[in-house]
Amino acid sequence: MANIIDGKAFAAKIRSQVKEDADRLIEKSKVEPCLAVVLVGENPASKVYVGAKTKMAAECNIKTKDYKLNDSTDQETLLKLIKMLNEDPDTHGILVQLPLPKQIDERSVIDAIAVEKDVDGFHAINAGRLSIGGDMLNKAFIPCTPLGSLLLLKDNVDDLTGKNAVVVGRSNIVGKPMSQLLIEESCTVTVVHSKTKNVESICSQADVVVVAAGRPEMVNGDWLKEGAVVIDVGINRIPVTKEDGSEGSKIVGDVDFESASNKASKITPVPGGVGPMTIACLLRNTVTSAYRHAGLGDPRGTVDSESQDQYKEKYINH
Ligand code: GUN
């Protein structure tokens, strides 16, 4: 049976580091880290995420400003709000919750956010910096879900160098940035997606599998190499019939946990794996942004929970 990777506990550790970093900044520089969260419309999942972000930010001494706009908001109104937030010196991070209603062009909105406040890391320039890698990572913001997945992997795999990593899914939010982070860690990376042939045989070569396919329980134990480390990014609500015959639902990942945990050496559960890491990384990016705005270096290495100096020593000076 695989060891279960406790994302909930690891995320709590990251948040306590974020709080320490925020407190140090408040005390030394009198700067209060502040995140603006913009929610357009009534998407129920988005409302839950935004609520959780606000609560956890407060626990880390990060201020939040919530902007709730109605479903029929036009693009111009949203762009005006972003411009105002870009120009507000007290706002260090801007998050526009996705998806946006269909009358709004998502890419135009994301690219209107000031690059240095784009704590989601979705702006084309931040995506470019991640793609270039190396020193450029110190200027970039890395998307929160892949960053959280990488931190979990680094905490659970001694050395990623030379490992075969397969990323299932090619989204801009997870699959693509994840593949770039793994390349940066010197993995041999293969990205598979809905049009890939022989997905199962490709997965069965992998030492590390990161699954962000958006399909409930798609990857099962037969696809995995014995001893693989599995990171399940999926969050899917599926219908179930309860013991008393009534209809209910439950949350599952993109990995069939039961069969996969018979093959994997380590695996993230859903819920309690990658999910809590996403918000922890958003808060981490927000505090990093506040440090950068105050003219200070990043409080932690970009893709590590070590200090910037330790990070430089390990990855840049060699
Ligand atoms: N919707 C789903 N995940 C995310 C995320 O990480 N950031 C934003 N802004 N929207 C999302």
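Residues numbered from 1 in each chain as written. Predicted model: local features only at pLDDT ≥ 70, side-chain atom pairs only at ≥ 80, totals over all residues. Heavy atoms only, no water.

Caption draft 1: Region of interest: the sheet that holds strand β4 (residues 93-96). Ordered in space as β3-β2-β4, the 3 strands form an open sheet in which the pairing is parallel. Looking at the sheet topology across the chains shown, the edges are occupied by β3 (63-69) and β4. Geometrically, the sheet is characterised by an average inter-axis angle of 15° between neighbouring strands, direction not taken into account. Inspection of the sheet shows strand β2 (residues 34-40) paired to β4 by 4 bridges, in the parallel sense. Across the sheet, Val 37 pairs through a bridge with Leu 95, a residue of β4. Against the sheet, helix α2 (residues 44-59) touches β2, β3 and β4, its axis set at about 165° to β2. (Pairing = 2+ DSSP bridges. Helix = DSSP H or I, 4+ residues; strand = E, 2+ residues; numbered from the N terminus. Axes fitted to C-alpha atoms, helices over the stretch in contact; angles between N-to-C directions. Contact = heavy atoms within 4.5 Å.)

Caption draft 2: Broad picture of the site of the ligand. Taken together, the neighbourhood of the ligand is formed by Leu 95, Val 96, Gln 97, Leu 98, Asp 120 and Phe 122. Here a nitrogen atom of the ligand sits 3.3 Å away from a polar atom, N or O, in the side chain of Gln 97. Leu 98 places a polar main-chain atom, nitrogen or oxygen, 3.0 Å from a nitrogen atom of the ligand. The fraction of the free accessible surface of the ligand (280 Å²) that becomes covered by protein chains is 82%. (Near = heavy atom within 4 Å. Polar contact = N/O pair within 3.5 Å; in protein donor to acceptor, adjacent residues only side chain to side chain. Areas by Shrake-Rupley, 256 points an atom, 1.4 Å probe, with all protein chains shown as cover.)

Caption draft 3: Quick peek at the nonpolar core. By size, the foremost hydrophobic cluster in this structure holds 53 residues, and its most contacted members are Ile 62, Leu 153, Leu 182, Val 210 and Ile 231. Take this core: its biggest share by element is 10 residues, from helix α10 (residues 274-293). Formed by 18 residues, the second largest nonpolar core is a distinct cluster that contains Ala 2, Val 219, Val 230 and Ile 267. (Core = buried A, V, L, I, M, F, W, Y, C linked by side-chain atoms within 4.5 Å. Buried < 20%, exposed > 50% of the residue type's maximum accessible area, 1.4 Å probe, protein only.)

Caption draft 4: Structural view of the environment of Pro 89. Here Pro 89 shows up in the loop between α3 (75-87) and β4. With relative accessibility at 65%, the residue Pro 89 sits in the exposed group. Taking C-alpha positions, Pro 89 is 25 Å from Gly 128, a pair spaced 39 residues apart along the chain.

Caption draft 5: Quick peek at unusual backbone geometry. Leu 98 connects to Pro 99 through a cis peptide bond whose omega is 0°. Omega for the peptide link from Val 270 to Pro 271 comes to 0°, which places this bond in the cis form. As for its position among the elements, Pro 271 is in the loop between β11 (266-267) and α10. Non-glycine residue Lys 30 carries a positive phi angle of around 55°. For Lys 30, the position within the fold is in the loop between α1 (7-29) and β2. The exposure class assigned to Lys 30 is exposed, which follows from its relative accessible area of 69%. With a phi angle near 50°, Glu 217 is a residue other than glycine that sits in the positive phi range. Position of Glu 217 among the secondary structure elements: in the loop between β7 (208-211) and β8 (229-232). Among the residues examined, Glu 217 registers a relative accessible area of 31% and is labelled partly exposed.

Caption draft 6: Quick look at the pairing of strand β5 (residues 164-168). Of all 5 residues in β5, 4 are buried, a share of seventy percent or more. Crossover handedness for the path β5 to helix α7 (residues 175-184) to strand β6 (residues 188-192): right-handed. One ladder, built from 4 bridges, connects β5 with β7; its direction is parallel. What sits directly across from Val 168, in β7, is Val 211. (Right-handed = clockwise from strand over helix to strand, strands pointing away.)

Caption draft 7: Just the packing of aromatic side chains, in detail. Enumeration over the complete set of coordinates arrives at 0 aromatic pairs. The ring of Phe 141 carries Arg 292 above its face, with NZ or CZ at 4.7 Å from the centroid. (Phe/Tyr/Trp six-rings, centres within 6.5 Å; stacked < 30°, edge-to-face > 60°. Lys NZ or Arg CZ within 6 Å of the ring centre and 35° of its normal.)

Caption draft 8: Structural context of helix α6 (residues 144-156). Taking 1.5 Å per residue, 13 residues should reach 18 Å; α6 reaches 18 Å between its end C-alpha atoms and fits that length. By the criterion of burial, α6 is predominantly enclosed, with 11 of the 13 residues buried. Along α6, the residues classified as buried are Cys 144, Thr 145, Pro 146, Leu 147, Gly 148, Ser 149, Leu 150, Leu 151, Leu 152, Leu 153 and Asn 156. Contact partners of the buried residues in α6: α1, α7, β7, β8, β11 and α10. (Expected span 1.5 Å × (residues − 1).)

Caption draft 9: Summary view of the sheet that holds strand β1 (residues 3-4). Pairing in this open sheet of 6 strands is parallel, and the strands run β1-β11-β8-β7-β5-β6 from one edge to the other. Each of the sheet's edge strands pairs with one partner strand only, and the pair in question is β1 and β6. Of the pairings in the sheet, the one linking β7 to β8 comprises 4 bridges and is parallel in character. Looking at the pairing, Val 211 lines up with Asp 232 of β8. Its contacts with the sheet put α7 on β5, β6 and β7, and the angle it makes with β5 is roughly 170°.

Caption draft 10: Broad picture of the environment of Asn 86. Position of Asn 86 among the secondary structure elements: in helix α3. A residue is classified by how much of its surface remains accessible, and Asn 86, at 22% relative accessible area, is partly exposed. Remark: the alpha-carbon pair of Asn 86 and Val 115, spanning 29 residues in sequence, is separated by 9.3 Å. Setting aside residues no more than four positions away along its own chain, Asn 86 makes contact with Ile 94, Ala 112, Ile 113, Ala 114 and Lys 117.

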